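Fold and contact review
Residue strings, one per chain:
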Amino acid sequence: MLGAFPLFCDDGGVVMKELLKILLELQSIEFSEAHPDNAEARLTELRGKVPPQILGHYDRLVARGKKGVAAVRHQTCTACHMSVPLGTVMTLRHGDDIQLCGNCGRYLYLDETPEPVVETPRKITRRRKTKQLTPA
Ligand SMILES: [Zn+2]
């Protein structure tokens, strides 16, 4: 693992983040119900920016009716709900490299949209919270 430390953080990060943005836009067009007139042209343009091997994997997922890109929230893949290794999350956070979910094989991106934070000024006591699902 130590030998795999990326040496191209600065530039690589931007590229990888761009790449994920492109894949996400691609996905949003391909999975959207509405097909605007320029969708085809936009798809072609976006596809042209993605390296063939990445596009190939993405296409294989889409061909199986899966979305090719999944968000990671709370260190969990939102597509298959399996936990994502911390190392993978860190790599995503740095934007060093593109990462696949080890379970479902989707491309991962970090969704760190802050959720409504419940402020707890008191001391945090470690108490196990049991989710209570009350049927409507
Ligand atoms: Zn997954």
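Quick caveat: nothing in here was measured; it's all calculated off a predicted structure.

Quick notes on the rules
- Numbering of residues starts from 1 in every chain and runs along the sequence as written.
- With pLDDT at 70 or above as the cut-off, local features in this predicted model cover only qualifying residues; side-chain atom pairs require 80 or more to be listed or tallied, and sums for whole chains, interfaces and linings still use all residues.
- Secondary structure elements are taken from DSSP: a helix is a run of H or I of four residues or more, a strand is a run of E of two residues or more, and numbering for both begins at the N terminus.
- Exposure is read from a count of other C-beta atoms within 10 Å of each residue's own; the residue is exposed at 12 or fewer, buried at 20 or more and partly exposed in between. C-beta atoms are placed from the backbone.
- In this description, any two residues whose backbone-derived C-beta atoms lie within 7 Å of each other are considered to be in contact.
- A score from 0 to 100, pLDDT tells how confident the predictor is in each residue.
- The rule for pairing is simple: two strands pair if DSSP sees at least two bridges between them.
- For this analysis, nonpolar core means a set of buried Ala, Val, Leu, Ile, Met, Phe, Trp, Tyr and Cys residues linked through C-beta atoms within 7 Å.

Notes on the overall build of the protein
On a plain count of helices and strands, the protein comes out with four helices and four strands. For the protein, the α and β elements follow one another from N to C terminus as α-α-α-β-β-α-β-β. Per-residue burial for the protein yields a buried fraction of 18% across its 136 residues. Of all intrachain contacts in the protein linking residues separated by at least 6 positions in sequence, the fraction that spans at least 24 positions is 57%.

Regarding the confidence of the model for the protein
Summarising the model, the protein shows a mean pLDDT of 83, and 79% of its residues fall at 70 or more. The secondary structure element of the protein with the lowest average pLDDT is helix 1 (residues 9–30), at 79, and the one with the highest is strand 2 (residues 76–77), at 96.

With respect to the pairing of strand 1 (residues 69–73)
With four bridges joining them, strand 1 and strand 4 (residues 107–110) adopt parallel strand pairing. Bridge pairing links Ala 71 to Tyr 109 in strand 4. Pairing of strand 1 with strand 2, which is carried by two bridges, proceeds in the antiparallel orientation. Its bridge partner being in strand 2, Val 72 is matched across the sheet by Cys 77. What sits between the antiparallel neighbours strand 1 and strand 2 is a turn of two residues, in which His 74 has the positive phi angle 50°.

Quick word on the nonpolar core
Ranked by internal contacts, the top residues of the largest apolar core, which has 19 residues, are Leu 20, Val 72, Cys 77, Tyr 107, Leu 108 and Tyr 109. Every residue in contact with Tyr 109, bar those within four places of it in the chain, is listed here: Leu 20, Leu 24, Val 69, Ala 71, Val 72 and Leu 92.

Describing the pairing of strand 4
Across the two faces of strand 4 the burial is the same, with Tyr 107 and Tyr 109 and Leu 108 and Leu 110 all buried. Alignment of strand 3 (residues 99–100) against strand 4, held across two bridges, turns out to be antiparallel. Its bridge partner lying in strand 4, Gln 99 is registered against Leu 108. Between strand 3 and strand 4, which pair antiparallel in sequence order, lie six residues; one of them, Gly 105, sits at a positive phi of approximately 80°.

Regarding the environment of Thr 113
Counting through the fold element by element, Thr 113 comes out in the segment after strand 4. The exposure class assigned to Thr 113 is exposed, which follows from the 7 C-beta atoms found within 10 Å. A sequence separation of 40 residues divides Thr 113 from Arg 73, and the C-alpha atoms of the two residues are 8.7 Å apart.

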